[in-house]
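Notes for the structure review
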Amino acid sequence: MSIPSEQKALILKTERGDFTIGPYAIDEPGPGEVLVRIEATALNPIDWKVKATAYLDIIKEHPAILGTVAAGVVVALGVGVTKFAVGDKQGFFTNRLGTFKQYTLIAAEIAAKIPDNVTFDQAATVPLGIFTSVVGLYAHGWECGGVGLTPPWKPGGRGKYVGQPVVIFGGSSSVGQYTIQLARLSGFSPIITTASPHNNDRVKALGATHTIDRHHPPSEIIAEVKKITSGPIQIVYDATSLESTQKTAYEIVAPGGTLILVLPSLIPKEKTSPDKKIIFTYGTVHAPENRALGISLYQNITRLLASGDIKPDPVEVLPGGLAAIPEGLERMKRDLVSGKKLVVHPQET
Ligand SMILES: NC(=O)c1ccc[n+]([C@@H]2O[C@H](COP(=O)([O-])OP(=O)(O)OC[C@H]3O[C@@H](n4cnc5c(N)ncnc54)[C@H](OP(=O)(O)O)[C@@H]3O)[C@@H](O)[C@H]2O)c1
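Residues numbered from 1 in each chain as written. Predicted model: local features only at pLDDT ≥ 70, side-chain atom pairs only at ≥ 80, totals over all residues. Heavy atoms only, no water.

What follows deals with the site of the ligand. Taken together, 30 residues lie near the ligand, and Ser172, Ser196, Arg214, Gly283 and Ser338 sit nearest. Residue threonine 281 places a main-chain N or O atom 2.9 Å away from a nitrogen atom belonging to the ligand. Within the side chain of lysine 341, a nitrogen or oxygen atom sits 3.2 Å from an oxygen atom of the ligand. Out of a free accessible area of 940 Å², the ligand has 89% covered by protein chains. Residue assignment for the shell around the ligand shows that the elements contributing at least two residues are α1 (45-53), α3 (126-138), α4 (174-186) and β9 (191-195). A per-class count over the shell around the ligand returns 12 nonpolar, 14 polar and 4 charged. Looking at the shell around the ligand, you find at least three residues from each of domain 1 (6-125 + 312-348) and domain 2 (129-280). (Near = heavy atom within 4 Å. Polar contact = N/O pair within 3.5 Å; in protein donor to acceptor, adjacent residues only side chain to side chain. Areas by Shrake-Rupley, 256 points an atom, 1.4 Å probe, with all protein chains shown as cover. Helix = DSSP H or I, 4+ residues; strand = E, 2+ residues; numbered from the N terminus. Nonpolar A, V, L, I, M, F, W, Y, C, P; charged D, E, K, R; others polar. Domains from an automatic or database assignment.)

Below is the structure:
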């Protein structure tokens, strides 16, 4: 497969600056890595947050290339890679060099083949959303981990938590959609989620047993949850983690239970209770503490997608390739994307 000497990339020249499209070198894969021609990359909230606010000091140097997930075709293999062949349809990765460009590198151990029933566009929606859910539910033992349940792809994990209720705030978000599906595979019941009513059918198709309008006032959301189940709720996953949802979600957690957040806690210390834990989960497979869990997921994700156990997010493809990304990020920032992922095709640039 011929590889050009240069590619086009969406470049952020300075911190909080503007994006420009420009040429960028194509790196050769190092040991254990593959070079992928990107057919689809998805836009995630982290991208607009990093651009607008230098969020969490994630970008260490400029010019920077953002983008954390993509799907494409393997075009070159680094030394020692046996999991892929050139020409494989491959996706599901976070890349140290960013994915808002036409080619990228990824360690083969945290990438997976795309099954025939999943398109490149759909595949690009999977990695960040699902891994954030996976860490919150199945990681344990470190401060940004999770509640340490047994993953449904491990022996004894499937259906292990039958009869235990779970509440998921933001069920129609990407993280929320994957959390509902994993909760279903883990056996939780009822699976109660908040979303806008127009997304009710979607979240129910994924496994939610009850939906609550996310616009209801907190007291009403709490009362509706109590009407659905009287059982103690040990796990509440807040896939939105806005200040308002965090507070409501924390109230719902039973003594001895845990609130899983996807953003840092905004609950004042004096309002917390020693018998209700709060975890801020960190969904990157590049954190050394997450690596083994990530490898385990990537060994199983192709099968979970092929069987339909996990369904990717609905997608909206933005025309215009990489040039469409700034406008797409602006839509996300203004909360104008509901129940789907925005995706672009870098090769169209
Ligand atoms: N910690 C980590 O490692 C990590 C990783 C990935 C993402 N995140 C964070 O997780 C959050 C979700 O990311 P995402 O990619 O899943 O976002 P997303 O899909 O872009 O989120 C959009 C969805 O949020 C829902 N939403 C907005 N406000 C809500 C509220 N008050 N209550 C319930 N739902 C609400 C909307 O639901 P409706 O349209 O149905 O109203 C919409 O479907 C973001 O803040 C992101 O930065 C963190």
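Going residue by residue along strand β12 (residues 258-261), you find Thr258 and Ile260 tucked away on one face and Leu259 and Leu261 tucked away on the opposite face as well. In terms of strand pairing, strand β11 (residues 235-238) meets β12 through 4 bridges, oriented parallel. Residue pairing for β12: isoleucine 235 is matched across the bridge by threonine 258. Between β11 and its parallel partner β12, the chain crosses via helix α7 (residues 243-252), and the hand of that crossover is right-handed. By the bridge criterion, 4 bridges tie β12 to strand β13 (residues 277-280) in an arrangement that is parallel. Of the residues in β13, the one forming a bridge with leucine 261 is phenylalanine 280. (Buried < 20%, exposed > 50% of the residue type's maximum accessible area, 1.4 Å probe, protein only. Pairing = 2+ DSSP bridges. Right-handed = clockwise from strand over helix to strand, strands pointing away.)

Strand order in the open sheet formed by 6 strands is β10-β9-β8-β11-β12-β13, with parallel pairing between adjacent strands. A strand with exactly one partner marks an edge of an open sheet, and here the two such strands are β10 (210-213) and β13. Mean inter-strand twist for the sheet, computed between neighbouring axes without regard to direction, equals 20°. As paired elements, strand β8 (residues 166-169) and β11 share 4 bridges and run parallel to each other. (Axes fitted to C-alpha atoms, helices over the stretch in contact; angles between N-to-C directions.)

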